[in-house]
Amino acid sequence: MLFPSHLLLALALGLTSAAALAPRLSQHVRHESRSVLPRGWAPVRRAEADRVIPLRIGLTQSNLASLEEYLLDVSHPESANYGNHWTPARVAQTFRPAAESVATVRAWLADGGVDAERVRLGPTGGWIHANVSIAEAEALLATEYYVYEHAESGTTRVGCEGAYHLPEHVAPHVELVTPTLHFDAKVRKRSVKSKVGNPGSGPVSPKTTGTIKNIFNQLQHCDEQITPICLRALYNFVYVPLAARKNSIGIVEYTPQAYVPSDLDMFFGNFSKSQVGERPSLVSIDGGTIDIGFGGFDVNGESNLDLQYSMSLVGKGQPVTLYQTGDDVQGASFNTLLDALDGSYCSFEGGDDPFQDPSYPDPFGGYQGKTQCGVVTPAHVISTSYSYDEWELSPAYMQRQCAEYGKLGLMGVTVLYSSGDYGVAGNGGLCLNSEDNPEFGGNVFAPSFPGGCPYITSVGATQVNPGAKVTDPESACNQVIFSGGGFSNVFPMPSYQKSAVEGYLSKYPPPYTSGQYNTSGSRAYPDLSANGANYVVAVQGEYELVYGTSASSPVTAAILSAVNDARLAIGKKPIGFINPTIYSSLFKYAFNDIVSGSNPGCNTEGFAAQPGWDPVTGVGTPNFPILLGAWLLLP
């Protein structure tokens, strides 16, 4: 049969149009979901259909699959490019989302009735914004929005129920969408108490057994009280800075956590007299302040601990930078710090979620300036003694933030996080049940974040055993706290630790099933350890005995900072991301192997410390002279 030419033309045009529309009509697929709400939150009503929310779409970053490869190239001791860290500009350009992703998301929004005037792209191309109604958001994401309220604080937020969806052709171009499922990170002093800076918050907040009247500063008492001389003896740590002007070390605190200057002098007066009157270099991020109007161990213990020990160990010659993050009203999240360190990560460009991360000017009367984006030069070593449990966060949120730590590693920054104080359990000893929901009394291990991120260095805790000498081998910490450790439920095992972890699992197989911990080959932590028991800390004019991986991380940071100083003094680069190095055979003897103790939790004895790496103490504690020598031999 013959067709008139005009019918053939119409048919051709129709087929072309159908092909063009086909992707836009693709079915929705689940993009993110969560089976349980964070503690305290409950839906109270459906969100009003005409309510306008700031929808933000985090675009898939280019080359992210190669991040580990890039990191190994500049961080593995056998790489010809060891120490050749990237510039921030190169990092931003390498991971900028593709133009195709921008176009696909714009077209999807347009098809959903969102006119172009409401859509804008952030300056670095990582984040698309559109103010939309709840009705529009529900149609775009195939979900339902509710108003959620926190039982204790009365705080309300808007979020999705259970899951949200994206068209099949759009999903590969999007990492996450907000506001949707994320209740985790925003910190407010008078709000949710389970967030970063609030008293007793997070899996890592120091513990105390109370005040002490008699202070020992002799090595024969290190099993009862840890002071700076004990740490120097334990890790053979004696060093005088040579390149302090080139070197830098940063300690992160989240308001209302704040140090007390008079406590610093009280501590120095007993343990480092030359430093009396010395203060950290305060970098206030988004209104960060130490003037909070009240005090006590819950708000001063963490910061006092971190600064008293990091400053006394690096000594008078090396300034310590304090990243005081968030104001005293709205608080802060990990993303607040990352915003300040990397402008491409800010809310209008990068990883923030306005319903979980604080925004400025503070609408609640605190800091009235703009969010600080990329205004802080990262220190060579940055220590943080706070964390979450993985179950509290969505995988997409963790993955996006974890990638940012990897980018800092590319730029030569060593990022340390405490591994946790509850062994294989989560915050407060909370575990998971068989359906991966949080439950006190559960038998499933609850790993921490960012401890499970492969691009940070996770620091566990050890102890001088009761009655032991400071020269005796330490064990895994089992006084008041247990060293956090285990296997991530989100992140795969990085290649740099594969041999060490598989060696542990084959030689010392844990007596647990795949229903209790992730046996599929995931990121294992911690990476290394330092003492975490019986620290003497000045708090509000008295001394207290303090415990926690909160102590282990800043101590490790001080030791690594000395390594950087020595390298910088002879014209070499800082050590940057250290994990590929410390797991390598070149550093086999640079750590004191911890072979006794375990990290109980979740109605089990946890994992056992064994020869070599283990998920309790990592590769062990630093032996400074050997560690220093090994790093000085690298390019």
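Model, not experiment: these values are computed from the prediction.

Student: Before we move on, can you summarise the packing of helix H12 (residues 549-569) against helix H14 (residues 624-633) with the specific residues and values?
Tutor: As a packed pair, H12 and H14 sit with axes 10 Å apart at the nearest point and diverge in direction by 40 degrees. Compared by their axis directions, H12 and H14 come out oblique. Seen from above, H12 lies across H14 with right-handed handedness. Between H12 and H14, the contacting residues are Ile559, Leu560, Ala562, Val563, Ala566 and Arg567 on the first element and Phe624, Leu627, Leu628, Trp631 and Leu632 on the second. Residue composition of the contact of H12 with H14, grouped by class: ten nonpolar, no polar and one charged.

Student: Outline the sheet that holds strand E25 (residues 535-539), supporting the account with residue identities and numerical values.
Tutor: Strands sit in the order E10-E26-E25 across an open sheet of three strands; the sheet is antiparallel. In the strand order of this sheet, the two ends are held by strand E10 (207-212) and E25, each with one partner. Here the average twist between neighbouring strands, direction ignored, is 35 degrees. Summarising the sheet, E10 and strand E26 (residues 542-547) pair through five bridges and their orientation is antiparallel. Following the sheet pairing, Ile212 is matched in E26 by Tyr543.

Student: So, helix H7 (residues 261-271): which residues are in play, and what are the values?
Tutor: Among all positions in H7, only Asp263, Leu264, Phe267, Phe268 and Phe271 are buried. Buried residues of H7, seen end-on, are gathered within an arc of 135 degrees and therefore sit on one face of the element. Where H7 is buried, its residues touch helix H6 (228-234), helix H8 (297-314), E25 and E26.

Student: Explain the nonpolar core to me, and be specific about the residues and the numbers.
Tutor: Counting residues in hydrophobic clusters, the biggest one holds 126 residues, and the most contacted among them are Leu231, Tyr309, Tyr405, Leu410, Tyr535, Phe607 and Trp631. Broken down by element, this core gets its largest block of residues, nine residues, from H12. Not counting residues within four places of it along the chain, the set of residues in contact with Tyr309 comprises Ile226, Thr227, Pro228, Leu231, Phe267, Tyr535, Val536, Val537 and Val555. Formed by 33 residues, the second largest nonpolar core is a distinct cluster that contains Leu55, Ile134, Val158 and Leu181.

Student: Requested: an account of the pairing of E26, with residues and values cited.
Tutor: Counting buried residues along E26, five of its six residues qualify, which places the element largely inside the surrounding structure. Pairing analysis gives five bridges linking E25 to E26, with the strands arranged antiparallel. Each residue of the ladder has a partner; that of Ala538, found in E26, is Tyr543. With antiparallel pairing between neighbouring strands as the criterion, E25 and E26 make up a hairpin whose turn holds two residues, including Gln540 at a positive phi of roughly 55 degrees.

Student: Outline the environment of Asp614, supporting the account with residue identities and numerical values.
Tutor: Tracing the backbone through its elements, the reader meets Asp614 in the loop between strand E27 (591-592) and strand E28 (621-622). Judged by relative accessible area, Asp614 falls into the buried class, the value being 0%. For the pair Asp614 and Ala500, spaced 114 residues apart in sequence, the C-alpha separation works out to 8.3 Å. Contact partners of Asp614, with chain neighbours within four places excluded, come to Tyr504, Pro526, Ile594, Ala608 and Ala609.

Cut-off values and rules
Residues numbered from 1 in each chain as written. Predicted model: local features only at pLDDT ≥ 70, side-chain atom pairs only at ≥ 80, totals over all residues. Heavy atoms only, no water. Axes fitted to C-alpha atoms, helices over the stretch in contact; angles between N-to-C directions. Helix = DSSP H or I, 4+ residues; strand = E, 2+ residues; numbered from the N terminus. Parallel < 35°, antiparallel > 145°, perpendicular 65-115°, else oblique. Left-handed = near helix turned anticlockwise from the far one by under 90°. Contact = heavy atoms within 4.5 Å. Nonpolar A, V, L, I, M, F, W, Y, C, P; charged D, E, K, R; others polar. Pairing = 2+ DSSP bridges. Buried < 20%, exposed > 50% of the residue type's maximum accessible area, 1.4 Å probe, protein only. Arc of directions from axis to C-beta. Core = buried A, V, L, I, M, F, W, Y, C linked by side-chain atoms within 4.5 Å.

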